[in-house]
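Structure assessment
Each chain is listed here by its residues.
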Amino acid sequence: MKKLLLLAAAAVAFGASAQTLTRTWKVETANALPKGECRQGVGLNGKIYVNNKADQKVYVVDKDGVSATTLPGGRNCGIGHDQAGNLIVSNAKFPNTWGVDSAFFVYKPQTPSELTMLSYAQVLTAIGRCDFLGTAKGDLTGDGELLLVGGVGTGIAKFITVGGETSADDCFIASADNKINVTNNVTVVRPFMDGDVEKYLYVTRNGAPAIIVADDQGNFTTEKTMAWENRGACNGSDIFVLGGKKYVVYPTLPNYNDGFAIACIDGELAEGVKEYPAVATKEVELPTLNNGSQTNWVNAEVVSDTEAIIYQYVPGAYTAAYSFKLPAEQTGINDVNAANDVKVRKVYENGQVYIIKGDVKYNVMGAQVK
């Protein structure tokens with residue numbers, strides 16, 4: 001009986017997950033933030049920042065609603081952040097290709113008067129139109145790096161700052177292998193640390209997400225491409241490390257709606273398993289949505305060893321924040337992803353969910369089946 005209960009607990013953990021995802025606030029923003037002008041948003045410090053390319057203002061949303069106080073915005077769709085907590089606003093005139101002057105505005109949202117205006121390196125204009133921004137490595141008001149992909153590009157643009165200024169000598173278009181699409185104006189790239197190794201999550205909305213790494217010349221190779229359970233074709237994904245493990249948050253099917261999920265992508269998939277399973281899911285709420293930019297922006301902010309805040313901006317609908325938590329103590333029973341002694345995996349057969357432990361199959365109640 002003890003063995004049966006243990007396996008049942010593991011099965012429930014795998015299916016429903018020991019991790020929890022709880023919404024902390026939601027604000028309807030369809031009227032305040034026109035979907036055609038406000039195509040990207042990013043969350044930091046309990047707030048969500050949305051750039052309006054028409055009036056060139058950044059609107060701030062939190063649990064109390066859309067603030068009457070705005071921040072400096074840009075002429076393009078894109079808004080992202082760097083690892084130092086600065087907002088990055090694209091000022092390339094939409095929808096044209098990049099100009100050289102005043103390409104980015106970079107500032108802390110708490111001190112927008114201390115804005116850094118960055119020019120664009122001429123060599124990078126060859127990538128063409130680039131609508132959205134990912135996450136920049138380091139501090140763009142000091143030493144930083146932002147990777148960009150454009151609609152006519154043949155590689156990945158490396159935008160480099162040194163001492164808070166664009167370093168034209170260090171900017172270049174890096175090559176990449178043929179496993180990723182580098183000719184796309186809606187790709188976002190996000191850096192992360194995998195132990196001591198620097199890597200990047202490379203996401204194009206209708207292509208397989210990939211982990212890429214740079215060689216000693218700064219050019220990129222694909223470590224692996226991935227499939228995530230029920231992933232859709234909306235723009236908007238992020239990667240974060242929590243409890244020593246790598247997680248991704250991403251929009252889900254049905255396409256062009258407001259659902260999203262979180263998956264743990266640590267390690268390799270077991271033989272025969274083709275996609276990383278979701279450990280938490282936010283279900284679709286809207287009856288239908290097509291906001292024109294195929295966007296459902298989700299990003300993560302780690303606030304402790306066991307908690308991350310997930311921010312969501314759905315153009316034409318709402319903004320929201322969620323708490324994603326790991327159990328306080330991970331064991332083989334309440335977190336099979338962390339287990340060292342309980343090696344299990346989930347499979348689907350004929351519409352049913354089964355748990356495989358070694359060569360033995362169990363149903364979700366923990367009973368052995370043939």
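In case you missed it, the structure is sitting above this.
Please read these numbers as outputs of a predicted model, since none were measured by experiment.

**Here's the deal with the sheet that holds strand β25 (residues 307–314)**
- A sheet is described by the order of its strands in space; here 4 strands give the open sequence β1-β26-β25-β24, paired in antiparallel fashion. In this open sheet, the two strands that pair with only one neighbour each are β1 (20–28) and β24 (297–302). Strand-to-strand twist in this sheet, taken as the mean axis angle between neighbours without regard to direction, amounts to 20°.

**Considerations on the packing of aromatic side chains**
- Enumeration over the complete set of coordinates arrives at 10 aromatic pairs.
- Pairing Y247 with F324 gives two aromatic rings, centres 5.5 Å apart and planes at 70°, and the pair type is edge-to-face. Linking Y247 in strand β21 (residues 245–251) with F324 in strand β26 (residues 318–325), this pair joins segments that are 77 residues apart in sequence. Taken as a pair, Y247 and F324 share a single burial class, namely buried.
- A connected cluster of aromatic rings, assembled from ring pairs, spans F104, Y120 and F159.

**Quick word on the pairing of strand β2 (residues 41–44)**
- A two-sided burial pattern is seen for β2, the buried positions comprising G41 and G43 on one face and V42 and L44 on the other.
- The sheet contact formed by β2 and strand β3 (residues 47–52) spans 4 bridges and is antiparallel. Across the sheet, G43 pairs through a bridge with I48, a residue of β3.
- The antiparallel hairpin formed by β2 and β3 contains 2 residues in its connecting segment, where N45 sits at a positive phi of about 55°.

What counts and how
- Position labels on residues start from 1 in each chain and follow its written sequence.
- Side-chain atom pairs in this predicted model are given and counted only at pLDDT of 80 or more, local residue features only at pLDDT of at least 70, and totals for whole chains, interfaces and linings cover all residues.
- Here the side-chain values reflect all heavy atoms present in the structure, with hydrogen atoms and water set aside.
- Any two strands are treated as partners once DSSP identifies two or more bridges connecting them.
- A run of H or I in DSSP becomes a helix once it reaches four residues, and a run of E becomes a strand once it reaches two; helices and strands are each numbered from the N terminus.
- Every angle, taken between N-to-C directions, lies between 0 and 180 degrees, and every axis is a line fitted to C-alpha atoms, over only the stretch in contact when it is a helix.
- Stacked, tilted and edge-to-face are the three classes applied to pairs of Phe, Tyr and Trp rings, where Trp contributes its six-membered ring and a pair requires centres within 6.5 Å; stacked means planes under 30 degrees apart, edge-to-face means over 60, and tilted covers the rest.
- Here's how the labels work: a residue is buried when its accessible area is under 20% of the maximum for its type, exposed when over 50%, partly exposed in between, all with a 1.4 Å probe on protein chains only.

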